[in-house]
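Structure at a glance
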Amino acid sequence: MKVENKHTSRRNFLKVSMATAGGFMVGFNFIGCKNETAQVKVLKDLPSKWVDFDAYIKIGDTGWVTILSQNPEIGQNIKTSMPMIVAEELDVSWSDVMVEQAPLNTEWYERQVAGGSQSIRQGWNTLRTAGAKVRHMLIAAAAQQWEVDPKDCTTSEGKVIHGEQSLTYGELAEAAGKMTAPEEVKLKDPKDFKIIGKSQTNVDMDGVLTGKPLFGLDYKKEGMVYAVVLRPPAFGQVLETVDDAEARKVIGVIDVVQFGDKVAVIGNNTWAAMKGKKALKAKWNQKDKAEDSAYHTQVLMEHLQKKTKEAKREDGNVEKAFAEADQIIERTYEAPFLPHNCMEPMNFFAEVTDEKVQLVGPIQTPAWTESRIADLLKRDAKDIHIEMTRMGGGFGRRLYGDFALEAAEISSLIKKPVKVVYSREDDMLAGIYRPASAYRFKAAIKNNELTGYHLTEAFFNGSMFGDMPSNFPCGAVENYRVDCHNIKSNVTTGAWRAPYANFLAYAEQAFIDELAETMNKDAVDFRIALLEKAKANPVGEKHNYEADKFIGVIKLAAEKSGWYQKENKHLGFSAYYSHNTYVAEVAEIKMNGDRAELEQITCAVDCGIVVNPIGAENQIEGGIIDGIGHALYGEFNFTEGHAESNNFHQYRLIRMGESPKVAIHFVESTNDPTGLGEPTLPPAGGALANALHAATKQRLYKQPFMKELKVLG
């Protein structure tokens, strides 16, 4: 991204103008103001003139600074944290900052994506540089006015200072806007941070608490109609015929249109459209196999017994290790398909005209969605404008944008602005699911040491990607192999919070716990010993983790949880590296008679610099509770291609009263930030399973745990 580019193309001008028209996308930071004086300033001292500096910063003549947050906000707090990074290097008081959600702009921004827990990590240097360059321009303007050397000027809380004299950013904005941004700037030393590392309230908090229109479902436009879509009721089915006569009789139904194997009922409100959908009479043909859960389990288990032609990773000779072993431990773990169940169901607004295509809604991948809509409508991407609303949850479901494509196609057919709205049943029955998967672990033990480790994965519509096969304990075991089977299914699948790792981590950590028990070794000491081997004498090519950081979080979690003083305590340990972040968790179970109660999770995290501690803690707690809830209760089955659960009366989620206390401890670090939205979920299931074993002596090999476990309170 070229932050020094202050000139706006016609397309960029239209995009920003449309985004701010009517104030819909602007979020004023009322909650961030810390006293009455600041709030009066919001009401009485708004700028009459703004100067645009770059893709991120606008400064008003009264000293207010507007910072655009480029990435979609799905609840991970980046709409607050990303502007904090810019404000830090700009050296402005946070109470003088307003925040706007930026529209999609591929010319200004490099990565407008909410996915992979990479928003802060990928944007860190770009955001800092943007703030630092504008600060440099403000200093240059002040130095020119005072006729002094810019090197003799400093800044603090929205002012440029030279000796006894100072000028506010508001007073300098117009002159600074004419300055040339430097090619390179020096960034702050982390020890000098004033905003980063200090908890700041979410900039949307006031709007969320008072019900202001922030979310996609809130968006309305004059003349807008609503669409509810009938989709195939089972995977593998296609539409044969549809009778819409009764649907058209429903009061409020405007039209019924078929597109592909789907039928959209158009109404002047959602209730009418939903009633109209129920009145449709459709016939379906079973074109492809009607899969069920028994079939899924059978296929997974069959593949676990097979060896692939080529391993994803292989060090040494596992077959030789097994042949020479004193003992072989083999275990299999299985997990079902799971829906995402975002609290805000899928929805999107579209208005397709000959002049433009305007879309508004909750989307994690606006640029990819823009390109696919351009292909769908046979339009130039420059004619398509996407605005991002706040999302009531994403978890990977809103990466795919199928709902946005539906909205665009329906609007093009009916020639009206339309909002597609899913019901909860639509979301659960015709969504995109976490793939069902199974893992077989096989370990060789010789002279009470781990000498061989063979992991086989069976996975629907995917397999381990990137360098995941080189995760721990790779590098620590002389003979190591990973085989992956990608099994095709007509059930639509996709990323689900912490893809692949969300179940693999539990299986791996439960297995390692059982290995330690078999060898009569402490579970924490066993992991540390393996990591010390990988550090001192790594096996094979480079492994995918830093042993020192891994050991650091393990020791911190053990210390803070009282792991080595665990008499009369039932503790379970788990540690995992994902999304560039190291996490260790200890679950504590209390037995109340014959009932096991999860009391607390102690969590240690090494995620580099913590930008906004309160936001980071929310992400950590959310990931842990999500991981525990789905490990305990996440059950989802198919019969003849049809999902058996269609709402929360059938699909069990963790409840507020069941959530444990979470004690969070950060490793102090000056390293660049890494991911936080996902990394605490993968180890949660393993910590819980291992604690349950400590309390009940029962090992758990299949999720959800509640199908096997009868003692949890």
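As the structure is a prediction and not an experimental result, all values here were calculated from the model.

What counts as what
- Residues numbered from 1 in each chain as written.
- Predicted model: local features only at pLDDT ≥ 70, side-chain atom pairs only at ≥ 80, totals over all residues.
- Heavy atoms only, no water.
- Helix = DSSP H or I, 4+ residues; strand = E, 2+ residues; numbered from the N terminus.
- Rg over C-alpha atoms; globule rule 2.2 N^0.38 Å.
- Buried < 20%, exposed > 50% of the residue type's maximum accessible area, 1.4 Å probe, protein only.
- Contact = heavy atoms within 4.5 Å.
- Areas by Shrake-Rupley, 256 points an atom, 1.4 Å probe, with all protein chains shown as cover.
- Lys, Arg positive; Asp, Glu negative; His and termini not counted.
- Charge placed at Lys NZ, Arg CZ, Asp CG, Glu CD.
- Pairing = 2+ DSSP bridges.
- Axes fitted to C-alpha atoms, helices over the stretch in contact; angles between N-to-C directions.
- Domains from an automatic or database assignment.
- Buried area = accessible area lost by both parts, 1.4 Å probe.
- Salt bridge = Lys/Arg side-chain N within 4 Å of Asp/Glu carboxyl O.
- Polar contact = N/O pair within 3.5 Å; in protein donor to acceptor, adjacent residues only side chain to side chain.
- Parallel < 35°, antiparallel > 145°, perpendicular 65-115°, else oblique.
- Left-handed = near helix turned anticlockwise from the far one by under 90°.

Section: the overall build of the protein chain
Secondary structure summary: the protein chain contains 18 helices and 28 strands in total. For the protein chain, whose C-alpha radius of gyration is 28 Å, the value lies close to the compact-globule estimate of 27 Å for 713 residues. Seen through its principal axes, the protein chain has C-alpha atoms that stretch 80 × 75 × 50 Å. Counting only residues that meet the buried cut, the protein chain has 59% of its 713 residues in that class. Considering only contacts in the protein chain between residues 6 or more positions apart, those separated by 24 or more positions represent 76%. For the protein chain, the computed accessible surface area is about 29400 Å², with 48% contributed by carbon and sulfur atoms. Counting 84 positive and 96 negative side-chain charges, the protein chain places the centres of these two groups 3 Å from one another.

Notes on the sheet that holds strand β21 (residues 449-460)
What the five strands build is an open sheet, ordered β14-β22-β21-β20-β15; its pairing is mixed. Edge positions in the open sheet fall to β14 (313-315) and β15 (327-335), since each of these has one partner strand only. If you compare each strand with its neighbour and ignore which way they point, the axes differ by 15° on average. Bridge count between strand β20 (residues 437-446) and β21: ten bridges; the pairing is antiparallel.

Some remarks on unusual backbone geometry
Backbone torsion omega between Phe-472 and Pro-473 reads 10°, so that peptide bond is classified as cis. With respect to the helices, strands and loops of the structure, Pro-473 is situated in the loop between β21 and β22 (479-487). Residue Pro-704 is reached from Gln-703 by a cis peptide bond, and omega for that bond is 0°. Note on placement: Pro-704 falls in the segment after α18 (682-696). Of note in this structure, Asn-341 is not a glycine but carries a positive phi near 55°. Among the structural elements, Asn-341 can be located in the loop between β15 and β16 (347-352).

A closer look at the domain arrangement of the protein chain
In terms of domain boundaries, the protein chain breaks down into domain 1 (2-210), domain 2 (216-287 + 346-421) and domain 3 (307-337 + 433-712). Relative to domain 3, the C-alpha centre of domain 2 lies at a distance of 39 Å. Taken together, the contacts link nine residues of domain 2 with 13 residues of domain 3. For the pair domain 2 and domain 3, the two sides together bury roughly 760 Å², of which 58% comes from carbon and sulfur. When residues of domain 2 are sorted by the area they lose upon contact with domain 3, Phe-235, Phe-395 and Tyr-400 head the list and together hold 71% of the total. Where domain 2 meets domain 3, there are zero salt bridges.

Details of the sheet that holds strand β24 (residues 581-592)
Pairing is mixed across the open sheet formed by four strands, whose spatial order is β23-β24-β25-β28. Across the chains shown, the open sheet's two edge strands, defined by having one partner strand only, are β23 (570-578) and β28 (661-666). The sheet shows a mean angle of 20° between the axes of neighbouring strands, direction not considered. The pairing of β24 with strand β25 (residues 595-606) spans eleven bridges and is classified as antiparallel. What sits directly across from Ala-587, in β25, is Ile-601. Contacts between helix α17 (residues 613-633) and the sheet are confined to β24, β25 and β28, with β28 contributing the most and set at about 130° to the helix.

Concerning the environment of Asp-483
Residue position: Asp-483 is located in strand β22. Put simply, Asp-483 and Pro-213 are 270 residues apart on the chain and 49 Å apart in space, counted from C-alpha to C-alpha. Every residue in contact with Asp-483, bar those within four places of it in the chain, is listed here: Lys-307, Thr-308, Glu-310, Ala-311, His-454, Leu-455, Thr-456 and Glu-457. Of the polar contacts made by the side chain of Asp-483, one reaches the side chain of Thr-308; its length is 2.6 Å. Within the structure, Asp-483 has its side chain in polar contact with the side chain of Arg-481 (distance 2.8 Å).

A word on the pattern of salt bridges
For the structure on display, the rule yields 41 salt bridges. Between Arg-231 and Asp-426 there is a salt bridge, with its nearest N and O atoms 4.0 Å apart. Taken together, the residues Arg-231 in the loop between β9 (225-230) and β10 (237-243) and Asp-426 in helix α13 (residues 424-429) connect sequence positions 195 residues apart. Each member of the pair, Arg-231 together with Asp-426, is buried. Measuring nitrogen to oxygen at the nearest pair gives 3.4 Å for the salt bridge that ties Lys-549 to Glu-546. The partly exposed category is assigned to Lys-549, whose relative accessible area is 25%. One network of salt bridges, in which partners are shared, links Arg-231, Lys-262, Lys-277, Glu-406 and Asp-426.

What about the environment of Ile-266?
For Ile-266, the position within the fold is in strand β12 (residues 262-267). Classification of Ile-266 by relative accessible area gives buried; the value is 1%. With 332 residues separating them in the primary sequence, Ile-266 and Leu-598 have C-alpha atoms 48 Å apart. For Ile-266, the residues in contact, after removing those within four places along its chain, are Val-225, Tyr-226, Ala-227, Gly-252, Val-253, Ile-254, Asp-255, Ile-410 and Ile-414.

Overview of the packing of helix α15 (residues 523-536) against helix α16 (residues 547-561)
Packing of α15 against α16 brings their axes to within 9 Å, and their N-to-C directions diverge by 165°. If you check the angle between α15 and α16, you find them roughly antiparallel. In this structure, α15 meets α16 at a crossing whose hand is left-handed. Residues Val-524, Arg-527, Ile-528, Leu-531, Glu-532 and Lys-535 of α15 pack against Ala-547, Asp-548, Phe-550, Ile-551, Ile-554, Lys-555 and Ala-558 of α16.

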